[in-house]
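# Structural overview for review
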Amino acid sequence: MRKKGSLKHPERGIPLRAFVPNAVTALALCVGLSSVRFASMDNWVLAASSIVLAGILDGLDGRVARLLNAQSRFGAELDSLSDVIAFGVSPALVMYFWSTQYMPQFGWVLALTMAVGCALRLARFNASIDDDDQPHKSAGFLTGIPAPVGAGLAMLPLYLWMITGLDLFRHYALVAPWIVLVAFLMISNTATFSWTSLRLRKNIRLEAIAVVALVGVALINSPWIMLSAISIGYMILIPFSIRSYAKVKRQRAMERAASNDAAS
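Residues numbered from 1 in each chain as written. Predicted model: local features only at pLDDT ≥ 70, side-chain atom pairs only at ≥ 80, totals over all residues. Heavy atoms only, no water.

## Some remarks on the overall build of the protein
The test is simple: Helical segments are the DSSP runs of H or I of at least four residues, strand segments are the runs of E of at least two, and each set is numbered from the N terminus. Only protein chains enter the accessibility calculation, which uses a 1.4 Å probe; a residue whose area is less than 20% of its type maximum is buried, one above 50% is exposed, and one in between is partly exposed. Contact between two residues is taken to exist if any of their heavy atoms lie within 4.5 Å; hydrogens are not considered. To measure how exposed things are, a 1.4 Å probe is used in the Shrake-Rupley method; for residues, cover is taken only from the protein chains shown.
Looking only at helices and strands, one finds ten helices and two strands in the protein. Taken over 264 residues, the protein has a buried fraction of 35%. Contacts in the protein between residues far apart in sequence, at least 24 positions, make up 82% of those at least 6 positions apart. When the accessible surface of the protein is summed, it comes to about 16,300 Å², and 67% of that surface belongs to carbon and sulfur atoms.

So, in structure tokens, the structure goes:
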């Protein structure tokens, strides 16, 4: 007969450190989806701000998980689902309410390309997450533009409209092709810069910190101007990222050829 208290019960619940990053992800989802509510109220400032804030929270959850050593498959799946809603569905609806609903016949379809592009990108990412053969990732580059960046880029006409007040930036003839372009870049095989592919020289680190601080202050004081500048700057960097990856690819090909020659 077993003594009372001799059985060990399995631990119940999850540690708090595993809860925190998932809570941040859920918060990003709620904030991003709230943009749809603000768009239905014609509050475009809060609609755009909600998606931008969701992007900031999305950038934090992974870093919090790594800091707390709380990475999990559950967290990765939740993050993907959150990204589809916050950076695919929400921007599509915001841009539809703001502009493409006035487009005859195809306004809704073209707005949906944002949601479809985001979903396809994240499905591809999840399908290849355990794949060892990922040339872009191994070289420190991303494949296509990330979902939060895509959401921010899709709203560039909205930023410009809030700055200038010009109806040109709200016209569906401009907005619809732009949304389609951003959706295409999300699912494309274009090599884009990631944080790991960027390197700062030792002699400009202090200057770089000062620039980041100034950009942060500018985002607080003139958010739409800075978001427009960041979006345009990111698009300008894409050809340079393609060239940089091509250079890395050539170097790797030369190294493989050299190693094969040495082996033979």
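Back to the text.
## Notes on the confidence of the model for the protein
To keep things clear, this is the line we draw: Residue-level confidence of the predictor is what pLDDT reports, using numbers from 0 through 100.
Scored by pLDDT, the protein comes out at a mean of 84, with 84% of its residues at no less than 70. Confidence, expressed as mean pLDDT per element, reaches its minimum in the protein at helix 5 (residues 135–138) with 60 and its maximum at helix 7 (residues 156–164) with 96. Across residues 1–10, where pLDDT falls below 50, the model places one contact with residues more than four positions away in sequence or in other chains.

## As for the environment of Met162
Along the chain, Met162 falls in helix 7. When the C-alpha atoms of Met162 and Trp44 are compared, they prove to be 8.6 Å apart, with 118 residues separating the residues in sequence. Not counting residues up to four positions away in its chain, the partners in contact with Met162 are Trp44, Val45, Ala48 and Trp224.

## Some words on the nonpolar core
We apply this condition: What we call a nonpolar core is a set of buried Ala, Val, Leu, Ile, Met, Phe, Trp, Tyr and Cys residues that are connected through their side-chain atoms within 4.5 Å.
By size, the foremost hydrophobic cluster in this structure holds 41 residues, and its most contacted members are Phe87, Met114, Leu158 and Val182. Secondary-structure elements contributing two or more residues to this core are helix 1 (16–40), helix 2 (44–67), helix 3 (73–98), helix 4 (107–127), helix 6 (147–154), helix 7, helix 8 (172–187) and helix 10 (223–263).

## Here's the deal with the packing of helix 3 against helix 6
Threshold: The axes are straight lines fitted to the C-alpha atoms, using for helices just the contacting stretch, and the angles between their N-to-C directions are given from 0 to 180°. Roughly parallel means an angle under 35 degrees; roughly antiparallel, over 145; roughly perpendicular, 65 to 115; everything else is oblique. The residue classification treats Ala, Val, Leu, Ile, Met, Phe, Trp, Tyr, Cys and Pro as nonpolar and Asp, Glu, Lys and Arg as charged. All others, Gly included, are polar.
At a minimum axis separation of 9 Å, helix 3 and helix 6 run at an interaxial angle of 10°. With respect to each other, helix 3 and helix 6 are oriented roughly parallel. Seen from helix 3, the contacting residues are Asp83, Phe87, Pro91 and Met95; seen from helix 6, they are Ala147, Pro148, Ala151 and Ala154. Class assignment for the residues of the contact of helix 3 with helix 6 results in seven nonpolar, no polar and one charged.

## A closer look at the packing of helix 3 against helix 4
Packed helices, taken two at a time, are described by the angle between their axes plus the distance between the axes. The line we're drawing: Definitions for this section: a left-handed crossing has its near helix turned counterclockwise from the far helix by less than a right angle. A right-handed crossing has that turn clockwise.
Where helix 3 contacts helix 4, the axes come no closer than 8 Å and their chain directions differ by 165°. With respect to helix 4, the axis of helix 3 lies roughly antiparallel. Viewed along their axes, helix 3 and helix 4 form a crossing whose handedness is right-handed. In contact with Glu77, Ser80, Asp83, Val84, Phe87, Gly88, Val89, Pro91, Ala92, Leu93 and Tyr96 of helix 3, helix 4 contributes Gly107, Trp108, Ala111, Met114, Ala115, Cys118, Ala119, Leu122 and Asn126.

## Thoughts on a nonpolar patch on the surface
Our working rule: Patch building starts from residues that exceed 30% relative accessible area and form no salt bridge, then joins like charges within 9 Å and nonpolar side chains (Val, Leu, Ile, Met, Phe, Trp, Tyr) within 5 Å. By convention in these notes, a salt bridge is any Lys or Arg side-chain nitrogen within 4 Å of a carboxyl oxygen on Asp or Glu.
A grouping of Trp108, Leu112, Val116, Leu120, Leu181, Phe184 and Ile187 is seen on the molecular surface, where their side chains present a nonpolar patch of about 610 Å² in accessible area. Counting only elements with at least two residues in the nonpolar patch, the list comes to helix 4 and helix 8. Residue contributions to the nonpolar patch peak at four residues, all from helix 4. The residue Leu120 is located in helix 4 in this model. In this structure Leu120 comes out as partly exposed when scored by relative accessible area, which is 47%.

## Structural notes on the environment of Leu60
Examined against the element boundaries, Leu60 turns out to sit in helix 2. Assessed through its relative accessible area of 42%, Leu60 is described here as partly exposed. It is 8.6 Å that separates the C-alpha atoms of Leu60 and Thr25, two residues lying 35 residues apart in sequence.

## Brief notes about the side chain of Ser241
Under the convention used in this document: Side-chain atoms alone can form a polar contact between residues adjacent in sequence; in general such a contact is a pair of N or O atoms within 3.5 Å, and within protein one must be able to donate a hydrogen while the other accepts it.
You can see Ser241 is positioned in helix 10. We classify Ser241 as buried; its relative accessible area is 1%. Engagement of the side chain of Ser241 in a polar contact is seen with the backbone oxygen of Ile238, the distance being 2.6 Å. Excluding residues within four positions of it along the chain, Ser241 makes contact with Phe141, Ala191, Thr192 and Phe193.

## Looking at the packing of aromatic side chains
Heads up, the rule is: Only centres within 6.5 Å qualify two rings of Phe, Tyr or Trp (six-membered ring in Trp) as a pair; their planes then separate them into stacked at under 30 degrees, edge-to-face at over 60, and tilted for everything else. In this scheme, the term charge over a ring applies when either NZ of a lysine or CZ of an arginine sits within 6 Å of the ring centre and within 35 degrees of the ring normal.
A complete count under the given rule lists six aromatic pairs for this structure. Look at Trp98 and Trp161: their rings are 5.6 Å apart centre to centre, the planes differ by 65°, and that puts the pair in the edge-to-face class. With Trp98 in helix 3 and Trp161 in helix 7, the pair connects residues that are 63 residues apart, well separated along the chain. Assigned by exposure class, Trp98 and Trp161 land together as buried. Linked through ring pairs, Tyr96, Phe97 and Trp108 together constitute an aromatic cluster. Here Arg170 stacks its cationic end above the ring of Trp161, 5.0 Å away from the centre of that ring.

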